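These are the residues of each chain, in order.
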Amino acid sequence: MALTPPPASASVTVSITRTVDPARFTEASEWVKHGINLAHKYPGFLGSGWVRGSEDSATWNRLYRFSNHESLEAWENSDERTEWLEAGTDLVLDAHVEKRTGIEGWFDGMQPEPGEPALVPPPRGKQAISIWLGFFPVNLVFTLLVTWFVPGWGDLATALKVLLTTLVLTPLMAYFVLPWVTRMLRPWLQKQPR
């Protein structure tokens, strides 16, 4: 699924599925960790993670995110990344890359093992439930805490309270809560209708 370049202000999630030479798992693990460490040094890098389908799986999935297309391009066009990719040429047998903007990237399924049916993103209803399950308790706790500890919070204008609340909670949701919720709900999110 190829996307046209997203707006410069939209965060971009990159999903990479690599088939790794099974005889070189240890080297490949070190190579992947080195790539993540390199990306961490670039402005706009928002985080990453990588998983294998099982202990002996040759298919490895990695997600990483940059704050905008421009920051991602700086990483993708860097000499460091080019040298890192060249160093892994003999370790990777095949690679598939997809880029997504917005919240969609957290819900898209990882690529399955060869021969298994392709996973599709969960329906929007499941995505909405997942977001709500994360947002409700976080918003409730935040509201209780600021009401308790911030004198005069109740006297602030509603628009200002909503602005402050969303400024605090949006990064918490994007970086911590939503990734955790989708990880916990992955079996339900990926369950296909019969």
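Just so you know, these numbers come straight off a predicted model, no measurement behind them. (Residues numbered from 1 in each chain as written. Predicted model: local features only at pLDDT ≥ 70, side-chain atom pairs only at ≥ 80, totals over all residues. Heavy atoms only, no water.)

A look at the packing of aromatic side chains
- One pass over the full model with this rule turns up seven aromatic pairs.
- On the basis of an interplanar angle of 70 degrees and a centroid distance of 5.3 Å, the ring pair of Phe 45 and Phe 66 is categorised as edge-to-face. Residue Phe 45 is found in strand β2 (residues 45-52), and its partner Phe 66 is found in strand β3 (residues 59-66); the two are separated by 21 residues along the sequence.
- Since its relative accessible area comes to 12%, Phe 45 is described here as buried.
- Phe 66 sits in the buried class, given a relative accessible area of 0%.
- For the pair Tyr 64 and Phe 66, a centre-to-centre distance of 6.0 Å together with 80 degrees between the ring planes defines the contact as edge-to-face.
- Directly above the aromatic system of Trp 188 lies the positively charged group of Lys 126, at a separation of 4.9 Å from the ring centroid. (Phe/Tyr/Trp six-rings, centres within 6.5 Å; stacked < 30°, edge-to-face > 60°. Helix = DSSP H or I, 4+ residues; strand = E, 2+ residues; numbered from the N terminus. Buried < 20%, exposed > 50% of the residue type's maximum accessible area, 1.4 Å probe, protein only. Lys NZ or Arg CZ within 6 Å of the ring centre and 35° of its normal.)

Quick word on the nonpolar core
- Core analysis: the largest hydrophobic core is formed by 22 residues, its most contacted members being Val 14, Trp 31, Trp 60, Tyr 64, Phe 66, Leu 72 and Trp 75.
- Elements that contribute at least two residues to this core include exactly β1 (12-20), α1 (25-40), β3 and α2 (69-76).
- Per-element accounting of this core gives the leading share, seven residues, to α1.
- Setting aside residues no more than four positions away along its own chain, Trp 60 makes contact with Ile 16, Thr 17, Arg 18, Val 20, Phe 25, Ala 28, Ser 29, Val 32, Trp 50, Val 51 and Arg 52.
- Counting eight residues, the second-largest nonpolar core is a separate cluster that includes Phe 142, Val 146, Trp 153 and Val 181. (Core = buried A, V, L, I, M, F, W, Y, C linked by side-chain atoms within 4.5 Å. Contact = heavy atoms within 4.5 Å.)

Here we look at empty space enclosed by the protein
- All told, the structure shown has three cavities of 30 Å³ or more when counted by the stated rule.
- A volume near 50 Å³ is recorded for the largest cavity.
- Ile 16, Arg 18, Val 20, Val 32, Trp 50, Trp 60, Asn 61 and Arg 62 are the residues that line the largest cavity.
- Elements represented by at least two residues in the lining of the largest cavity include exactly β1 and β3.
- Of the residues assigned to the lining of the largest cavity, the class counts are five nonpolar, one polar and two charged. (1 Å grid on protein atoms, 1.4 Å probe; cavity = no way out; pocket = protein on both sides within 12 Å on 5 of 7 lines; lining within 4 Å. Points joined across faces, edges and corners; volume = space filled by probe spheres on them. Nonpolar A, V, L, I, M, F, W, Y, C, P; charged D, E, K, R; others polar.)

Examining the pattern of salt bridges
- The full count for this structure, using the stated rule, is three salt bridges.
- Residue Glu 27 is joined to Arg 24 by a salt bridge in which the shortest nitrogen-to-oxygen separation is 2.8 Å.
- Of the residues examined, Arg 24 reaches a relative accessible area of 25% and is grouped as partly exposed.
- Taking the shortest distance from any N to any O, the salt bridge between Glu 30 and Lys 33 comes out at 3.8 Å. Of this pair, Glu 30 and Lys 33 are both found in helix α1, three residues apart, which corresponds to roughly one turn of the helix. (Salt bridge = Lys/Arg side-chain N within 4 Å of Asp/Glu carboxyl O.)

Here's the deal with the confidence of the model for the protein
- The predicted model of the protein has a mean per-residue pLDDT of 80, with 81% of residues at 70 or higher.
- Per-element confidence in the protein ranges from a low mean pLDDT of 57 for helix α4 (residues 104-107) to a high of 91 for helix α5 (residues 124-149).
- Within the model, pLDDT remains below 50 along residues 1-8, and this stretch shows eleven contacts once partners closer than five positions in the same chain are excluded. (pLDDT = per-residue confidence, 0-100.)

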